Amino acid sequence: MCSRDPASNQLIDYKTNDSEVQKECTTSGGVSIGVKDAIQTVGPRGPALLQDFVFLDEMMHFDTERIPERVAYAKGAGAFGYFECTHDITKFCAASLFERVRKRTAIAMRFSVACGESGSADTVREQRGFSVKFYTDDGIWDIVGCNMPVYYVRDPSLFPSLVHAQKRNPQTHLRDRDMFWDFMTLRPETLHALVMYFSDRGTPDGYRHMHGYGAHTYRMVNPSGETYYVKFHFKTDQGIKNLDCRRCDELRSHDPDYAIRDMYNSIKKCNYPSWSMFIQVMLNEEAKKCKFNPFDVTKVWPQKDFPLLPVGKLVLDRNPTNYFTEIEQLAFSPAHMVPGIEPSPDKMLQGRLFSYGDSQRYRLGTNYMQIPVNCPYRVQVRNFQRDGAMTVNDNQSGAPNYFPNSFCGPKESSRALALQTCCPVAGDVYRYMSGDTEDNYSQVTDFWTYTLDNCGRKRLIRNMSEHLCEASQFLQERAVKLFTAVHSDFGRLLTEALNTARISKL
Ligand code: NDP
């Protein structure tokens, strides 16, 4: 950590640039305070008085200043900037942010570490969150993605267990290798995400040097109402850079906030990070014939069959002016979509459509969309929702709060109606268990065989065996069996590495 980097100089910058003449401090009611460092007491050594509002006002606010931490992706960094459309994709999508090349749309982005608490180290082996909020002319569009193109499970009913298994043991309050490997090895659909987690990309060098992926399949609607399935990719323009294990450990003790610092300093030095945005497109007919389930978030769409099509660029050029206001309160939900973008039947996406808004309401309150950073400021919100804790806007004044009405209340949009698609769905209602009914192995085999080179495979084995060797023996054996099914070399090399780790621990 450099002691006098821009982040370290923040207060000096504030003094130099932001504050003109030093102003008087006040209570929360704006009343000037004469003495800030002494409580009112009866005599110099006497008891304190309940009438001392200067003290009570500050103390009561302090007592309530923490809000619930996000259950997952608690620790993060964020910044602001713009999306610029660089390629015409109007034949696929009618969303206003893509309507013309060179059009710019304001964005906010948040990057995070999946399972550590808000005080944990930035450099640990974890999946990273990669979320983008587009403040479009049609309202808010959120992509709530991560730095891997796949997710661990495809059925949202497993989501709470997946997170629990990676967080703290309910009795010991420790991260627990048995919990981790037990869950993962009982659900072989986790293998694809696991090999990425233990590959070099499991420890990215800060947030600027990693790719982002929407991961889920979405549906785009073009101006004629035709639909396409798509996946979103965001490729870092800074180039992929990962940390090796030794550097991760060093940073964990010397600068646990390495990734936050790196992002802040880079923007402060006007070295603005950017990502190139691409889509993969699948036609409806292709989706029907696809040899894998295109709505399974544990799968990628092979790039040779579904090439990356360039769309635009994300650029971050402004740091938050206040972390809590603008980043801690920044609230994403994959349900925030705009006309021209719709959900696909991806089960995991369907589960997240509900759960993210629900969590934000718990974390920030029912009116979390009124917080300036979450507001769709390019449009005016007009609906029939009213009241609730912390209503801080005009609550839509005297407009009718019911629909339909005869008093000039907001009407339905012909544009949104024109872009609403009609898609046939049929089938028997049932709980379809998908653990073994989908192919859990072929793409993992491809990753091992073609995506990684020899050195990448060696590092994957080392990273995985160092983690797995701390799990119970029966879990190690179960894991070896699964990775042998991915590729016999994988199973063999993992067994050898586990034996070496066992001997070195004797
Ligand atoms: P391609 O060769 O066309 O794509 C491979 C992709 O893998 C590239 O996007 C590359 O990113 C990325 N990659 C390289 N090393 C790693 C790593 N250690 N961890 C994660 N991603 C990495 O092949 P396919 O599209 O046929 O996919 C083959 C396998 O590659 C898949 O099964 C999947 O495991 C993995 N993959 C595929 C992606 C896709 O969208 N199709 C995306 C990411 C991974 P880069 O652009 O930096 O070279």
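What counts and how
- Residues numbered from 1 in each chain as written.
- Predicted model: local features only at pLDDT ≥ 70, side-chain atom pairs only at ≥ 80, totals over all residues.
- Heavy atoms only, no water.
- UniProt positions renumbered as here; feature names shortened; annotations may be inferred.
- Helix = DSSP H or I, 4+ residues; strand = E, 2+ residues; numbered from the N terminus.
- Buried < 20%, exposed > 50% of the residue type's maximum accessible area, 1.4 Å probe, protein only.
- Contact = heavy atoms within 4.5 Å.
- Near = heavy atom within 4 Å.
- Polar contact = N/O pair within 3.5 Å; in protein donor to acceptor, adjacent residues only side chain to side chain.
- Areas by Shrake-Rupley, 256 points an atom, 1.4 Å probe, with all protein chains shown as cover.
- Nonpolar A, V, L, I, M, F, W, Y, C, P; charged D, E, K, R; others polar.
- Phe/Tyr/Trp six-rings, centres within 6.5 Å; stacked < 30°, edge-to-face > 60°.
- Lys NZ or Arg CZ within 6 Å of the ring centre and 35° of its normal.
- Axes fitted to C-alpha atoms, helices over the stretch in contact; angles between N-to-C directions.
- Parallel < 35°, antiparallel > 145°, perpendicular 65-115°, else oblique.
- 1 Å grid on protein atoms, 1.4 Å probe; cavity = no way out; pocket = protein on both sides within 12 Å on 5 of 7 lines; lining within 4 Å.
- Points joined across faces, edges and corners; volume = space filled by probe spheres on them.
- Domains from an automatic or database assignment.
- Expected span 1.5 Å × (residues − 1).
- Arc of directions from axis to C-beta.

**Q** Lay out the UniProt feature "binding site: heme" (unreviewed entry) in the chain in plain terms, naming residues and giving numbers.
**A** If you check UniProt for "binding site: heme" (unreviewed entry), the listed places come out as Tyr356 in our numbering. Assignment of secondary structure puts Tyr356 in helix α10 (residues 347-364). By relative accessible area, Tyr356 is classed as buried at 14%. When neighbours within four sequence positions are excluded, Tyr356 is seen to be in contact with Val144, Phe159, Phe332, Ser333 and Pro334.

**Q** Just give me the short version of the site of the ligand, but keep the residues and values in it.
**A** Lining the immediate environment of the ligand, one finds 18 residues, of which His192, Arg201, His211, Lys235 and Gln303 sit closest. Within the side chain of Arg201, a nitrogen or oxygen atom sits 2.9 Å from an oxygen atom of the ligand. Taking Gln443, its main chain carries an N or O atom lying 3.1 Å from an oxygen atom of the ligand. Within the complex, 75% of the 800 Å² of free accessible area of the ligand lies under protein. Breaking the shell around the ligand down by element, the ones donating at least two residues are α5 (191-197), β7 (227-236) and α12 (442-451). If one sorts the elements of the shell around the ligand by residue count, α12 sits on top with three residues. Looking at the shell around the ligand residue by residue, the classes come out as eight nonpolar, eight polar and two charged.

**Q** Requested: an account of the packing of aromatic side chains, with residues and values cited.
**A** Each aromatic ring pair is summarised here by two numbers: the centre-to-centre distance and the angle between the ring planes. If you walk through the whole model with that rule in mind, you get 26 aromatic pairs. Taking 5.5 Å as the distance between ring centres and 80° as the angle between the ring planes, the aromatic pair formed by Phe111 and Phe130 counts as edge-to-face. Of this pair, Phe111 sits in strand β2 (residues 104-113) while Phe130 sits in strand β3 (residues 128-136), and the two are 19 residues apart along the sequence. A residue is classified by how much of its surface remains accessible, and Phe130, at 0% relative accessible area, is buried. Note on Trp141 and Phe232: the rings are 5.3 Å apart at their centroids and 65° apart in plane angle, and the pair reads as edge-to-face. Here the residue Trp141 occupies a position in strand β4 (residues 139-146), and Phe232 occupies one in strand β7, the gap between them amounting to 91 residues. Residue Phe232 is classed as buried on the basis of its relative accessible area, which comes to 1%. Three or more aromatic residues joined by ring pairs form one cluster here, namely Phe83, Phe98, Phe134, Trp141, Tyr218 and Phe232. The positively charged end of Lys133 is found above the aromatic ring belonging to Phe332, 4.9 Å away from the centroid.

**Q** Any chance you could break down the packing of helix α14 (residues 473-486) against helix α15 (residues 488-505) for me, citing the residues and the numbers?
**A** Contact geometry for α14 and α15: axes closest at 5 Å, N-to-C directions at 155°. Considered as vectors, α14 and α15 are oriented roughly antiparallel to each other. From α14, Gln473, Gln476, Val480, Phe483, Thr484 and Val486 reach across to α15, where they touch Ser488, Phe490, Gly491, Leu494, Thr495, Leu498 and Arg502. Residues that form the contact of α14 with α15 fall into these classes: six nonpolar, six polar and one charged.

**Q** Tell me what's going on with the layout of surface pockets, and back it up with residues and numbers.
**A** Computed from the structure, the largest pocket encloses a volume of approximately 1700 Å³. If you trace the largest pocket, you find 45 residues lining it, with Pro376, Gln380, Val381, Arg382 and Asn383 closest to the centre. Those elements giving two or more residues to the lining of the largest pocket turn out to be β4, β10 (341-343) and α11 (414-418). Grouping the amino acids of the lining of the largest pocket by side-chain chemistry returns 20 nonpolar, 14 polar and eleven charged. In this structure, the second largest pocket occupies an estimated 980 Å³ of space. Residue assignment for the lining of the second largest pocket shows that the elements contributing at least two residues are α5, β7, α12 and α13 (454-468). Take the lining of the second largest pocket: its biggest share by element is six residues, from α12. A class-by-class count of the residues in the lining of the second largest pocket yields 13 nonpolar, twelve polar and twelve charged. Formed jointly, the lining of the second largest pocket draws a minimum of three residues from each of two domains, domain 2 (76-374) and domain 3 (452-505).

**Q** I'd like to hear about α15, residue by residue, with values.
**A** Helix length check: α15 (18 residues) gives 26 Å between terminal C-alpha atoms against 26 Å at 1.5 Å per residue, within 8%. Where α15 is concerned, the buried positions are Phe490, Gly491, Leu494, Ala497, Leu498 and Ala501. Along α15, the residues classed as buried sweep out an arc of 135° about the axis, all on the same side. Set apart from the buried face of α15 by more than 90 degrees, the exposed residues are Thr500 and Ile503. Contacts from the buried residues of α15 go to α5, α12, α13 and α14.

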